[in-house]
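# Survey of secondary and tertiary structure
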Amino acid sequence: MRVVSRPENLPGAIRTARSEAATAFGDSAVYLERRLTQPRHIEVQILADHHGAVQAFVERECSIQRRHQKVVEESPSPVVSRELRDRLSQAAVAVAKAAEYTNAGTVEFLLDEDGHFYFLEMNARLQVEHPVTEMVTSVDLVRWQVRLAQGEPLTLPSSHTLVPQGHALECRVYAEDPDAGFIPSPGRITGLRVPDGPGIRDDSGVEAGSDVPIFYDSLLSKLVSWGEDRAQATERMRRALDEYEVRGIRTTLPFFKWLLARPEFVEARFHTGFLDELLQQRAGEPFGAADPSFEEVAAVAACLVEASHSPKADGQATRSIQALQRMGPVARGWKARARIEGLRE
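Residues numbered from 1 in each chain as written. Predicted model: local features only at pLDDT ≥ 70, side-chain atom pairs only at ≥ 80, totals over all residues. Heavy atoms only, no water.

Attention now goes to the pattern of salt bridges. Side chains that differ in charge, positive against negative, can pair when their charged atoms come close. Inspection of every chain in the model, using the stated rule, returns 24 salt bridges. Where Glu61 meets Arg40, a salt bridge forms, and the shortest distance between an N and an O atom there is 2.9 Å. Of this pair, Glu61 sits in strand β3 (residues 60-66) while Arg40 sits in strand β1 (residues 40-48), and the two are 21 residues apart along the sequence. By the burial criterion, Glu61 is buried, and Arg40 matches it. (Salt bridge = Lys/Arg side-chain N within 4 Å of Asp/Glu carboxyl O. Helix = DSSP H or I, 4+ residues; strand = E, 2+ residues; numbered from the N terminus. Buried < 20%, exposed > 50% of the residue type's maximum accessible area, 1.4 Å probe, protein only.)

Printed below as a string of structure tokens:
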């Protein structure tokens, strides 16, 4: 792929791309398409039966991506008007009919800053983010997928599928360490507390004691929130993230807490390259504060090390107190005194 910003650079870019394509694929054919510098990723869920009926659903906003992989999705899109929704749905239905497609599928588009959209691709399946569509339409897409495969006719009216009821968000919770460049964090889940409450849905396949292997995708769950509007859905998601606890492995939960607090997210000012740019600006800054329990363990360890090098009990106690004081308020007070007592012979 070559980006061409000036007309005079086009011939050279084509020659280079043809040469690379011939070497890599044995085919030097290339094609040209419009480059969108800060697009949004908008997709439309469709259902199609074996009797010629195709129904589109309210759009999903999937622009928050890391390295072209979606991490947060929502429905409806904060920037799509009713008129634009109608045009997007009509285009999605036209694509499905042209391909004589049946069952569930997803038609994806790129939306530029002027409100023009461009076909990207069609996925012949349900997407990971299909729960947000279910939450704002109350349609069980998986059930309809089975019904359509059995040959049943599609009976959902557009007034039901294209008029969103409230707003829904989804965060893809991964077994990854966001403070180490999002590297996978395989291992055993030693403890798990799943959030609950009004408007919260957690689609997961793990439990306490589950092993997260190195061989598969590290997705742990799809955490979904619903609210009467985007603000309420966001607030419920924040609460759910605070309640969510996974022990034994690292997860992306601290990353989502940080992201949902960003003004760009609150104001829906983002595009497909937004998150990568934001992460680059952080330059490795941690997403969450240190776990207080780790600090307490470190305080005890410091006392033990201090005591092991001291031949005198009095000197040992004095240095232990000083060591605990250096650790800050987490290890002071009665906790500090109890630990000092425990270190005496």
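Picking up after the structure, the text goes on.
Moving on to the packing of aromatic side chains. Any aromatic ring pair is given by two values, namely how distant the centres are and how the planes are angled relative to each other. Across all of its chains, the model carries 11 aromatic pairs by this definition. Here the aromatic rings of Phe255 and Phe287 are separated by 5.6 Å at their centres, their planes lie at 90 degrees, and the arrangement is edge-to-face. In this pair, Phe255 is assigned in helix α7 (residues 253-260) and Phe287 in the loop between α9 (274-282) and α10 (292-308), connecting sequence segments 32 residues apart. As far as the burial class goes, Phe255 and Phe287 line up, both buried. Among the aromatic residues, ring-to-ring pairing joins Phe182, Phe255, Phe256, Trp258 and Phe287 into one connected group. Directly above the aromatic system of Trp258 lies the positively charged group of Arg282, at a separation of 4.6 Å from the ring centroid. One residue, Arg282, lies across the ring of Phe287, its end atom 4.1 Å from the ring centre. (Phe/Tyr/Trp six-rings, centres within 6.5 Å; stacked < 30°, edge-to-face > 60°. Lys NZ or Arg CZ within 6 Å of the ring centre and 35° of its normal.)

Looking now at unusual backbone geometry. For the bond running from Ser75 to Pro76, omega is -5 degrees, close enough to zero to count as cis. Structurally, Pro76 can be placed in the loop between β4 (69-75) and α2 (82-98). The phi angle at Arg67 is positive, at roughly 55 degrees, despite the residue not being glycine. With respect to the helices and strands, Arg67 occurs in the loop between β3 and β4. Even without glycine at this site, Ala283 takes up a positive phi of about 55 degrees. Mapped onto the elements of the fold, Ala283 is located in the loop between α9 and α10.

Turning our eyes to something else, we now look at the environment of Phe256. Note on placement: Phe256 falls in helix α7. When the C-alpha atoms of Phe256 and Phe287 are compared, they prove to be 9.0 Å apart, with 31 residues separating the residues in sequence.

Another aspect to go through is the packing of helix α6 (residues 230-243) against α7. It is the contact of α6 with α7, at a shortest axis distance of 10 Å, that shows an interaxial angle of 150 degrees. The pairing of α6 with α7 is recorded here as roughly antiparallel in orientation. Handedness of the α6/α7 crossing: left-handed. Along its contact with α6, which presents Thr234, Met237, Arg238, Leu241 and Asp242, the element α7 presents Leu253, Phe256, Lys257 and Leu260. (Axes fitted to C-alpha atoms, helices over the stretch in contact; angles between N-to-C directions. Parallel < 35°, antiparallel > 145°, perpendicular 65-115°, else oblique. Left-handed = near helix turned anticlockwise from the far one by under 90°. Contact = heavy atoms within 4.5 Å.)

Attention now goes to the packing of α7 against α9. At a closest axis distance of 13 Å, the pairing of α7 and α9 adopts a crossing angle of 105 degrees. On the basis of their axis angle, the class for α7 and α9 is roughly perpendicular. Residues Phe255, Trp258 and Leu259 of α7 pack against Phe274, Leu275, Leu278, Leu279 and Arg282 of α9.

Its place among the elements puts Ser89 in helix α2. Given a relative accessible area of 7%, Ser89 falls into the buried group. Taking the C-alpha atoms as reference points, Ser89 and Glu59, separated by 30 residues in sequence, lie 7.9 Å from one another. If sequence neighbours within four positions are ignored, Ser89 has contacts with Ala56 and Leu162.

Of all 7 residues that make up β3, 7 are buried, and the element is covered over most of its length. Where β3 meets β4, 4 bridges bridge the pair, whose relative direction is antiparallel. Paired with Ile64 across the two strands is Val72, which belongs to β4. Turn length for the β3-β4 hairpin, with the two strands adjacent in sequence and antiparallel, is 2 residues, and the turn residue Arg67 shows positive phi of about 55 degrees. (Pairing = 2+ DSSP bridges.)

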